[in-house]
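Chain by chain, the residues run as shown.
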Amino acid sequence: MATEATQIRDLTAEFPVLRRQVDGHPITYLDSAATSQTPQVVIDAIVDYYTNHRASVHRGVYPLTVEATDLYEGARERIAAWLGSTPRETIFTANATASVNLVSHSWGRSNLGAGDTVLVTEMEHHSDVVPWQLICQERGAKLEYIPVLDNGMLDLDAYDRLLELKPKAVCVAHVSNVLGTINPVQEIARRAHAVGAIVVVDGAQAVPQIPVSLPELDVDFYAWTGHKAYGPTGIGVLHGRRELLDEIPPFISGGHMIKQVFETSSTWSDLPGKFEAGTSQIAEAIGLGAAVDFIQEIGIDAIRAHEQALTAELLERLAEVPDLTIHGPLDPADRGALASFAIAGAHPHDIGEILGREGVCVRTGHHCAQPLMRRFNLGSTTRASLAVHNTSADIDRLIAGLHTVRSTLQL
Ligand SMILES: Cc1ncc(COP(=O)(O)O)c(C=O)c1O
């Protein structure tokens, strides 16, 4: 198939690690769904903070701290504006996992009680399952699962039946990290709100690859993570509806999140400080701001078009490999830029290792989605995921590598 995946400039040279060779092979990086590579502009922003502006934020009055605060808060403003949120409703956390834990603890402790129901989907990452399990156990609430159909889409009829339980919260991934499914979050939220539930979205896989407009989605909390969006590790974001963030108690407590501390009680900082205890992830937030600039400069629509065309090519080329099964929706319009697959007779671990010898980096395992693996009777899968810098040549190397896997394993 002639790929249309040429609408954006060749970005390979802008990711320093992609210039490396491993055992004489160029790196074919197909694991951006686990963590994306870092473009030079993001590295430069982090180095610039450490080299020229390093100081703590918020607390000082001397020029360095003012500069650092401007960089840090400037990053927040640009990140918030990008997704249609506001700086007050944009909280920096450690990662998507920490963002979900903030909601499950702070909202869950003050809103869940015995007999209440929380809905999650069968395709959730563990980071959007385990925090809900713990808070449900603590509060005596029930956790119910929205099933996934054989084609990898959510069963929305079953969802409607579950809504009759009048759940207090509906927690859903925007894009599945295993199936690639893009879930109809706006519609899921509309139906959840009609029964009075809040909607918590795990946007970890969505933000770097599809346009996200929080006002359009109209959800209550939206969690994502910097390291999958060309940003540094150690930083995540939680966007929350202001009324809810004002209402719920803090999660982590200590410095910066207080207004006044008395001997036996305290009052809280205005948003977002109330949820950002301790010294902030300054370099990380600045780096994430640069990552968002990088994405915006290319354009998220252009990124989606590039990755969707490449995904179509990936699915088509994978289907040519004998005995290979692709999991998840087969229409690239319904999925993000990844494909999980199995080859009959080949353990995913062996596939990953043999590909790795040729510089082809893919993910193998349960992808932190064991309930989903169980649903499809799978122990593990191999996952190839794409990003802005990938081209048809990367898919050629993957397919050639899969033929090597088959011959090495004598399939
Ligand atoms: C869909 C999804 N949600 C959440 C996460 C967790 O992200 P983090 O480990 O950065 O918290 C991941 C990471 O693999 C993911 O793919």
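Below: a short report on this structure. (Residues numbered from 1 in each chain as written. Predicted model: local features only at pLDDT ≥ 70, side-chain atom pairs only at ≥ 80, totals over all residues. Heavy atoms only, no water.)

Some thoughts on the overall build of the protein
Phase 1 of the analysis: In terms of regular secondary structure, the protein is built from 13 helices and 17 strands.
Phase 2 of the analysis: Over its C-alpha trace the protein gives a radius of gyration of 22 Å, about what one expects of a compact globule, namely 22 Å for 411 residues.
Phase 3 of the analysis: Its C-alpha atoms give the protein principal-axis dimensions of about 70 × 55 × 30 Å.
Phase 4 of the analysis: Out of the 411 residues belonging to the protein, those deemed buried represent 55%.
Phase 5 of the analysis: The long-range share in the protein, meaning contacts at least 24 apart out of those at least 6 apart in sequence, stands at 72%.
Phase 6 of the analysis: Surface summary for the protein: the accessible area is close to 16500 Å², and the carbon and sulfur share equals 51%.
Phase 7 of the analysis: Counting 31 positive and 50 negative side-chain charges, the protein places the averaged centre of each group 5 Å from the other. (Helix = DSSP H or I, 4+ residues; strand = E, 2+ residues; numbered from the N terminus. Rg over C-alpha atoms; globule rule 2.2 N^0.38 Å. Buried < 20%, exposed > 50% of the residue type's maximum accessible area, 1.4 Å probe, protein only. Contact = heavy atoms within 4.5 Å. Areas by Shrake-Rupley, 256 points an atom, 1.4 Å probe, with all protein chains shown as cover. Lys, Arg positive; Asp, Glu negative; His and termini not counted. Charge placed at Lys NZ, Arg CZ, Asp CG, Glu CD.)

Points about the sheet that holds strand E14 (residues 338-343)
Note: strands within a sheet are paired through backbone hydrogen bonds, in either parallel or antiparallel orientation.
Phase 1 of the analysis: What the 4 strands build is an open sheet, ordered E13-E14-E17-E16; its pairing is antiparallel. Edge positions in the open sheet fall to strand E13 (324-327) and strand E16 (363-365), since each of these has one partner strand only. For this sheet the average axis-to-axis angle between neighbouring strands, irrespective of direction, equals 30 degrees.
Phase 2 of the analysis: Relative to strand E17 (residues 381-385), E14 runs antiparallel, the two sharing 4 bridges. Residue pairing in the sheet places Phe341 in a bridge with Thr382 of E17.
Phase 3 of the analysis: On the sheet, helix H10 (residues 300-319) packs against E13, E14 and E17 and is oriented at approximately 10 degrees with respect to E14. (Pairing = 2+ DSSP bridges. Axes fitted to C-alpha atoms, helices over the stretch in contact; angles between N-to-C directions.)

A word on the site of the ligand
Phase 1 of the analysis: Lining the immediate surroundings of the ligand are Asn95, Ala96, Thr97, His125, Ser127, Asn177, Asp202, Ala204, Gln205, Thr225, His227 and Lys228.
Phase 2 of the analysis: One of the side-chain N or O atoms of Gln205 is found 2.7 Å from an oxygen atom in the ligand.
Phase 3 of the analysis: In this structure, Thr225 approaches the ligand through a side-chain N or O atom, which is 2.6 Å from an oxygen atom.
Phase 4 of the analysis: About the coverage of the ligand: the protein hides 87% of its 400 Å² of free accessible area. (Near = heavy atom within 4 Å. Polar contact = N/O pair within 3.5 Å; in protein donor to acceptor, adjacent residues only side chain to side chain.)

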